[in-house]
Amino acid sequence: MKSLLAAVKAFVANLLLWSFFVGGLAASSASGAVLDGTRKDVATYAGIAVSLLAGSRIAKKPRIKAFLSTPPVLWFLFLFNSAVAAVCYLTMDGAKGIMAAAGMGLVSLGAAGGLIANRRKPAGQPTTSR
């Protein structure tokens, strides 16, 4: 059993990690409403970087990793991101539409790769790994 100090330390670390993730998402999506010009671009890209770093750390946690590798979640990610990629390509003009569709398509292909990897494992082995 964990000591009280270890439990508090883990709680604070998780709280900070999730705060950075949400703050990065907010900065990357809402900076245009507050800032203009170069400052808006810097805030957007910094928010993207912070949310990607925090999100990748969150995704490595055992409980989140196990949840993300389940077949229903992978199917949802595959189908949803494929649909979003198609909608982005058809509704957005120019390079922005192509880049958005390519990014969402890559996420969709990643989920499809997870589905294929889980399918190839023998029946006796668990679907998640350490």
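Up top is the structure these notes are about.
Residues numbered from 1 in each chain as written. Predicted model: local features only at pLDDT ≥ 70, side-chain atom pairs only at ≥ 80, totals over all residues. Heavy atoms only, no water.

What about the overall build of the chain?
Going by this rule: Secondary structure elements follow DSSP: runs of H or I no shorter than four residues count as helices, runs of E no shorter than two count as strands, and numbering proceeds from the N terminus. With C-alpha atoms as the basis for the radius of gyration, the globule rule is written as 2.2 Å multiplied by the number of residues raised to the power 0.38.
Across its full length, the chain carries five helices and zero strands. Listing each helix as α and each strand as β along the chain from the N terminus yields α-α-α-α-α. The C-alpha radius of gyration computed for the chain amounts to 18 Å, which surpasses the reference 14 Å derived for 130 residues by more than 25%, pointing to a less compact arrangement than a globule. A principal-axis box enclosing the C-alpha atoms of the chain has dimensions of 50 × 40 × 15 Å.

Focus on helix 5 (residues 94-120)
Cut-off, in case you're wondering: The span expected for a helix works out to 1.5 Å for each residue beyond the first. A 1.4 Å probe rolled over the protein chains alone gives each residue an accessible area, and that area as a share of the maximum for its type sets the label: buried under 20%, exposed over 50%, partly exposed in between.
An ideal rise of 1.5 Å per residue puts 39 Å on 27 residues; helix 5 measures up with 39 Å between its terminal C-alpha atoms. If you check which residues of helix 5 are buried, you get Gly97, Ala101, Gly105, Ser108, Ala111, Ala112, Leu115 and Asn118.

Remarks on a nonpolar patch on the surface
The condition is simple: Exposure above 30% relative accessible area and the absence of a salt bridge qualify a residue for a patch, where like charges join within 9 Å and nonpolar side chains (Val, Leu, Ile, Met, Phe, Trp, Tyr) within 5 Å. All accessibility values rest on the Shrake-Rupley procedure with a 1.4 Å probe; residue burial counts only the protein chains present in the view. By definition here, a salt bridge exists when the distance from a side-chain nitrogen of Lys or Arg to a carboxyl oxygen of Asp or Glu is within 4 Å.
A grouping of Leu4, Val8, Phe11, Val12, Leu15, Leu16, Phe20 and Val50 is seen on the molecular surface, where their side chains present a nonpolar patch of about 780 Å² in accessible area. Looking at where Phe20 falls in the secondary structure, it is placed in helix 1 (residues 4-34).

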